[in-house]
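Reading the structure
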Amino acid sequence: MYYYSDFYRILNSLWFIFLSFWKRFQFTHLIIKIQNKPQNMPLNFELNEDQKMLQESVKEFTERHVAPTVFERDNSKEFPHDLVTQLGEMGMMGIYHDPGFGGSGFDTVSFCLAIEEIARWDASLALTVASHTSLGTGHISIAGSDDQKKKYMPDLCAATRLAGWCLTEPGSGSDASGMKTTAVKNGDHYLLNGSKIFITQGSVADVYVVLAKTDPDLGTKGISAFIVEADWEGVKPGAPMHKLGMNSSNTTEVVFENVEVPVENLLGEEGMGFVDTMKVLDGGRVGIAALSVGVARGALEESLKYSMERKQFGKPIGNFQHIESKLVDMATSVEAARLLTLKAATLKDNGKSYTKEASMAKLFASELSVQASLDAIQIHGGYGYTKEYHVERFLRDAKLLTIGEGTSEIQRLIIARELKKSFI
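Conventions and cut-offs
- Within every chain, residues take consecutive numbers counted from 1 along the sequence as written.
- Note on the predicted model: pLDDT of at least 70 is required for a residue's local features to be given, and 80 or more for side-chain atom pairs to be given and counted; whole-chain, interface and lining totals, by contrast, use all residues.
- Heavy atoms from the whole structure form the basis of all side-chain values; hydrogens and water molecules are not counted.
- Here a strand is any run of E in DSSP of at least two residues, a helix any run of H or I of at least four, and the numbering for each starts at the N terminus.
- Under the scheme applied here, a residue whose accessible area is under 20% of the maximum for its type counts as buried, over 50% as exposed, and between as partly exposed, the area being computed with a 1.4 Å probe on protein chains only.
- In what follows, residue pairs with any heavy atoms lying within 4.5 Å of each other are defined as contacts.
- For the area figures, the Shrake-Rupley method with a 1.4 Å probe applies, and any residue is considered shielded solely by the protein chains shown.
- The rule is simple: put a 1 Å grid over the protein atoms alone, call a set of points where a 1.4 Å probe fits but cannot get out a cavity, call an open set with protein on both sides within 12 Å along at least five of seven lines a pocket, and count a residue as lining if it has an atom within 4 Å of a point.
- Grid points are joined across faces, edges and corners, and a volume is the space filled by probe spheres set on the points.
- Under the convention adopted here, Pro, Cys and the residues Ala, Val, Leu, Ile, Met, Phe, Trp and Tyr are nonpolar, Asp, Glu, Lys and Arg are charged, and Gly plus all remaining residues are polar.
- For two strands to pair, DSSP has to find at least two bridges joining them.
- Geometry of aromatic contacts follows a simple scheme: Phe, Tyr and Trp rings, the Trp one being its six-membered ring, pair when their centres are within 6.5 Å, and the pair is stacked under 30 degrees between planes, edge-to-face over 60, tilted otherwise.
- What counts as a salt bridge is simple: a side-chain nitrogen of Lys or Arg found within 4 Å of a carboxyl oxygen of Asp or Glu.
- To get an axis, fit a line to the C-alpha atoms, keeping to the stretch in contact for a helix; angles then go from 0 to 180 degrees between the N-to-C directions.
- By convention the crossing between two helices is left-handed if the near helix lies anticlockwise of the far one by an angle smaller than a right angle, and right-handed if it lies clockwise.
- By this rule the span expected of a helix is its residue count minus one, scaled by 1.5 Å.
- Note: the arc covers the axis-to-C-beta directions of the helix.
- Patches in this entry comprise residues that are over 30% relatively accessible and not in a salt bridge; like charges within 9 Å are linked, as are nonpolar side chains (Val, Leu, Ile, Met, Phe, Trp, Tyr) within 5 Å.
- The positive count covers Lys and Arg only, the negative count covers Asp and Glu only, and His and the chain ends enter neither.
- Charge positions come from single atoms, namely NZ of Lys, CZ of Arg, CG of Asp or CD of Glu.

Notes on the overall build of the chain
- Helix and strand content of the chain: twelve helices and ten strands.
- Every one of the 424 residues in the chain was classed for burial, and the buried ones make up 49%.
- Counting only contacts in the chain whose residues sit at least 6 apart along the sequence, the fraction spanning at least 24 positions is 74%.
- In the structure as shown, the chain presents an accessible area of about 21,600 Å², 56% of it carried by carbon and sulfur atoms.

Points about the layout of surface pockets
- Taken as a whole, the largest pocket holds about 1,000 Å³ of empty space.
- Together, 45 residues line the largest pocket, and Thr168, Ile403, Gly404, Glu405 and Gly406 are the ones closest to its centre.
- Of all the secondary structure elements, the ones that give two or more residues to the lining of the largest pocket are helix H6 (123-143), strand S1 (163-166), strand S3 (189-200), helix H8 (273-309), helix H11 (391-401) and helix H12 (408-421).
- By residue class, the composition of the lining of the largest pocket is 21 nonpolar, 17 polar and seven charged.
- Size it by volume and the second largest pocket reaches roughly 540 Å³.
- Going through the elements one at a time, helix H2 (49-66) and helix H9 (321-349) are the ones with two or more residues in the lining of the second largest pocket.
- Top element by residues in the lining of the second largest pocket is H9. It accounts for eight residues.
- Residue composition of the lining of the second largest pocket, by class: seven nonpolar, four polar and seven charged.

A word on the pairing of S3
- Across five bridges, the pairing between strand S2 (residues 182-186) and S3 is antiparallel. Note that in S3 the partner of Lys185 across the bridge is Tyr190.
- With nine bridges joining them, S3 and strand S7 (residues 251-262) adopt antiparallel strand pairing. Its bridge partner being in S7, Tyr190 is matched across the sheet by Val261.

A word on the packing of aromatic side chains
- Evaluation of the coordinates by the stated rule reveals six aromatic pairs.
- Residues Tyr208 and Phe256 carry aromatic rings whose centres are separated by 6.1 Å and whose planes lie at 90° to one another, so their mutual orientation is edge-to-face. Of this pair, Tyr208 sits in strand S4 (residues 207-213) while Phe256 sits in strand S7, and the two are 48 residues apart along the sequence.
- For Phe256, a relative accessible area of 1% gives the class buried.
- Here Phe313 and Phe320 contribute two aromatic rings whose centre-to-centre distance is 6.3 Å and whose plane-to-plane angle is 80°, an arrangement assigned as edge-to-face.
- Residue Phe313 is classed as exposed on the basis of its relative accessible area of 79%.
- For Phe320, a relative accessible area of 24% gives the class partly exposed.

Topic: the pattern of salt bridges
- Counted by the stated rule, this structure contains 23 salt bridges.
- Put simply, Glu49 and Lys52 hold a salt bridge, and the shortest N to O gap is 3.8 Å. With Glu49 and Lys52 both in helix H2 and three residues apart, this pair spans about one turn of that helix.
- The exposure class assigned to Lys52 is partly exposed, which follows from its relative accessible area of 34%.
- Here the salt bridges do not stand alone but share partners, grouping Glu116, Glu117, Arg120, Arg297, Glu301, Glu302, Glu335 and Arg338 into one network.

Topic: the packing of helix H10 (residues 355-380) against H12
- Here H10 crosses H12 at 145°, and the two axes come no closer than 9 Å. With respect to the hand of their crossing, H10 and H12 are arranged in left-handed fashion. Side by side, H10 and H12 meet where Thr355, Lys356, Ser359, Met360, Lys362, Leu363, Ser366 and Glu367 of the first sit next to Ser408, Gln411, Arg412, Ile414, Ile415, Arg417, Glu418 and Leu419 of the second.

A short note on H2
- In this model, H2 (18 residues) spans 24 Å end to end at C-alpha, consistent with the 26 Å of a helix rising 1.5 Å per residue.
- Among all positions in H2, only Gln51, Leu54, Val58, Phe61, Thr62 and Val66 are buried. Taken around the axis of H2, the buried residues stretch over an arc of 100°, which confines them to a single face. The outward face of H2, more than 90 degrees from its buried face, is lined by the exposed residues Glu49, Met53 and Arg64.
- Residues of H2 that are buried sit in contact with helix H3 (70-76), helix H4 (81-90), helix H5 (108-119) and H6.

Here we look at a negative patch on the surface
- On the surface, Asp188, Glu233, Glu260 and Glu264 cluster together into a negatively charged patch.
- By the secondary structure assignment, Asp188 is in the loop between S2 and S3.

Quick look at the side chain of His189
- Looking at the secondary structure, you find His189 in strand S3.
- Look at His189 and you get buried, because its relative accessible area is 13%.

A short note on the side chain of His390
- Among the secondary structure elements, His390 is positioned in the loop between H10 and H11.
- We classify His390 as buried; its relative accessible area is 11%.
- Among all residues touching His390, those that are not within four sequence positions of it are Val70, Phe71, Trp121 and Glu302.

With respect to the environment of Ser124
- Tracing the sequence through the fold places Ser124 in helix H6.
- As for Ser124 and Pro80, which are separated by 44 residues in sequence, their C-alpha atoms are 9.5 Å apart.
- Apart from the residues lying within four places of it in its own chain, the contact partners of Ser124 are Met246, Asn247, Ser248 and Ser249.

Pasting the structure below:
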């Protein structure tokens, strides 16, 4: 008679033998399938005709209307209402949202292409488009009822109203469970109190999505989301903040003092605000990755142009090996960042899990945007340190991308958590 441990060992060995034969059978079957299929079927990295048309349309718009005035906007720090209105008329402010609620019905890949083209010249404007589309409007799209979507999304998608997304507070950034804003139910309304900070579109938004605690004892499970209109009594946006970069993107504090929010403006289920927020952030990170690719691409293209025009020792500096090496590394990294971004976007479009891929794309692309901008300044030399060239602005704008919508450190935590799931 075998001891239990011996029996288990024998059973385990038989199981591995079976698996070995089964995998060999599957592999043989796969070979037969491939042999019977037409050859030369590589992975498809080509954009479809709709995507190409949209990409070209946004590129033409940015080169004609955005690029010529970007220095002026950076210096004045004024929010570009006119450009946002034009982008709304083009359908860019609701680009991937449901046409049934006023969206343009494009996919997330198209959204990334558009954001990259805008960010190539003006990261501030790209941030406005990305945050409005994927955060404020995006949260309503993900968690809203049909009535809420019908009421708010057509105007938001057309950019006749702008959205702000209110999560971060003075005392809670990466740790959302530490938020102090509360929403106490009182009959047919909630009484909202608290303050939010670093809110994009903070003082120009017409509609806010606000995260607040409806049950402070439950931590993240006690967080709910609400749709709040900017002209309601008790809603108090602050003055635009003075920042290192992203100067024409509107960023302010927003204070809520005894704001009466109708119960029908609860967004999603009570206590599910944090869960929905994680979904919103996944999509938002894909947008930030695309924005980062645009900035890094701008740094590359400006550097390539400058290095072939600037001459030292009788020849263009672009012919010197050290400069060539920087350009090669920048170009290779931009391609890698773009592929990571489009992979995450494609997974999202196909309804598959993309949390890890979104964080990988955001982490890699945002850190690249900073490094590419630093390299661009180095290639430009003393001129790169002046405001006569674009590259110093790229660096100032790029730094936010490693912080907003989850710092690089948080992205690494998310990626590590997702990697470990396969071993649990």
